[in-house]
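The residues making up each chain are set out below.
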Amino acid sequence: MKRSNQLQRLAIAPDQLQNKQILLTTQQQHYLGNVLRLRQGDHFIAMDGQGQWWLAKLEASQAQILESISVQTELPISLTLMGALPKGHGFDEVVRSCTVLGVTCFAPVISDRTLLNPSPQKQERWRRIAKEAAEQSERSVVPAILEPVSFATAISENTANYRYLCVARGSYPHLKDIINSGAEISDILIAIGPEGGWTESEVEWAIQAGFQPVSLGRRILRAVTAPVVALSLIAATFEK
Ligand code: SAM
């Protein structure tokens, strides 16, 4: 029998699980049978996106749960990326790479210089990308994707206890110099601006709301690269 790290993974919704049976959707049956080429009786890993993995056996339109599997791939902190939406499909790339880096929640925001007006389908697309990236990176949690809101609303509603606003210009401390894995930190939020950057008033509001402005170095990073740099620093600091 294959070892669990050789098995294919499938993210399921928690309500698909009933009495040790997973009720597969038509799309999941197609994916398991026609894309992954699994046959009845083959094993795979089902993950509910909320921290639980199971070894499962495929049976036609259902799968049987055989046993629970313990996974330790999550960072020990909850990590939110608040991203001002970049142009085009830029946020797809952000969701894909930052899911792999351990983000637990994406909060897309519309800032003063955001050029994209996201369609309702975008949020569904980001959810699908997050699910696929969580499967690929063997995470046990699929990050949540919040509805896009204005930056002002997002900063007033967020309650993370450590909040950093990445600002491309100015003489702010480097993120790497102020994050500290020894402190009692459970919740971190990183905010990244759009291609045109944050406006001065946005930086002011964020500071008043308790955000610490930080630098990611002397070079100006792309709006889709800056989250990867910030989250790599956070993941490297808190990884156990
Ligand atoms: N046009 C903006 C400017 O000239 O200030 C640059 C915006 S940058 C392309 C997009 C976002 O990435 C910024 O708003 C910031 O959040 C983040 N960013 C890029 N480079 C950064 C750096 N060196 N330090 C901190 N944040 C950075």
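Right above here is the structure, for reference.
Colleague: Before we go on, may I ask you to explain unusual backbone geometry in this structure?
Modeller: Excluding glycine, residues mostly carry a negative phi; peptide bonds, for their part, are mostly trans. Of note, the phi angle at alanine 60 is positive, near 45°, even though the residue is not glycine. Notably, glutamate 138 is not glycine yet its phi reads approximately 60°, a positive angle. Positionally, glutamate 138 belongs in the loop between helix H3 (120-136) and strand S9 (144-145). The class for glutamate 138 is partly exposed, based on a relative accessible area of 28%.

Colleague: In this structure, what is going on with the site of the ligand? I would like to understand it.
Modeller: The local shell around the ligand holds 20 residues, among which Cys166, Arg169, Gly193, Leu216 and Arg219 are the closest. Backbone polar atom of glycine 217 to a nitrogen atom of the ligand: 2.9 Å apart, as the coordinates give it. In this structure, arginine 219 approaches the ligand through a main-chain N or O atom, which is 2.7 Å from a nitrogen atom. Surface burial for the ligand is 88%, taken as the share of its 580 Å² of free accessible area covered by protein chains. Residue composition of the shell around the ligand, by class: 12 nonpolar, 5 polar and 3 charged.

Colleague: Explanation requested: the pairing of strand S12 (residues 187-192) in the structure shown.
Modeller: Within a regular strand, the side chains alternate between the two sheet faces. Of all 6 residues in S12, 5 are buried, a share of seventy percent or more. Here strand S7 (residues 78-84) runs beside S12; their pairing, made up of 6 bridges, is parallel. Bridged to glycine 83 within S12 is isoleucine 192. In this sheet, S12 lies alongside strand S11 (residues 162-166) in parallel orientation, the contact comprising 4 bridges. Along S12, the bridge assignment pairs arginine 163 with leucine 189.

Colleague: Looking at this model, I keep getting lost on the pairing of strand S6 (residues 62-69). Mind explaining?
Modeller: The pairing of strand S3 (residues 21-23) with S6 spans 3 bridges and is classified as antiparallel. Residue pairing in the sheet places isoleucine 22 in a bridge with alanine 63 of S6. As paired elements, strand S5 (residues 53-59) and S6 share 7 bridges and run antiparallel to each other. Looking at the pairing, alanine 56 lines up with isoleucine 65 of S6. The loop that links S5 with its antiparallel partner S6 comprises 2 residues; one of these, alanine 60, has a positive phi angle of about 45°.

Colleague: Explain the packing of helix H2 (residues 90-101) against H3 to me, please; I cannot follow it from the model alone.
Modeller: Helix packing for two helices is described by the angle between their axes and how far apart those axes are. Axis separation between H2 and H3 bottoms out at 8 Å; the angle between their running directions is 30°. Taken together, H2 and H3 sit at an angle that is classed as roughly parallel. Note on packing geometry: the crossing formed by H2 with H3 is right-handed. Here H2 contributes Phe91, Asp92, Val95, Arg96, Thr99 and Val100 to the contact with H3, which in turn contributes Arg125, Trp126, Ile129, Ala130, Ala133, Ala134 and Gln136. When grouped by side-chain class, the residues that make up the contact of H2 with H3 number 8 nonpolar, 2 polar and 3 charged.

How each quantity is defined
- Residues numbered from 1 in each chain as written.
- Predicted model: local features only at pLDDT ≥ 70, side-chain atom pairs only at ≥ 80, totals over all residues.
- Heavy atoms only, no water.
- Helix = DSSP H or I, 4+ residues; strand = E, 2+ residues; numbered from the N terminus.
- Buried < 20%, exposed > 50% of the residue type's maximum accessible area, 1.4 Å probe, protein only.
- Near = heavy atom within 4 Å.
- Polar contact = N/O pair within 3.5 Å; in protein donor to acceptor, adjacent residues only side chain to side chain.
- Areas by Shrake-Rupley, 256 points an atom, 1.4 Å probe, with all protein chains shown as cover.
- Nonpolar A, V, L, I, M, F, W, Y, C, P; charged D, E, K, R; others polar.
- Pairing = 2+ DSSP bridges.
- Axes fitted to C-alpha atoms, helices over the stretch in contact; angles between N-to-C directions.
- Parallel < 35°, antiparallel > 145°, perpendicular 65-115°, else oblique.
- Left-handed = near helix turned anticlockwise from the far one by under 90°.
- Contact = heavy atoms within 4.5 Å.

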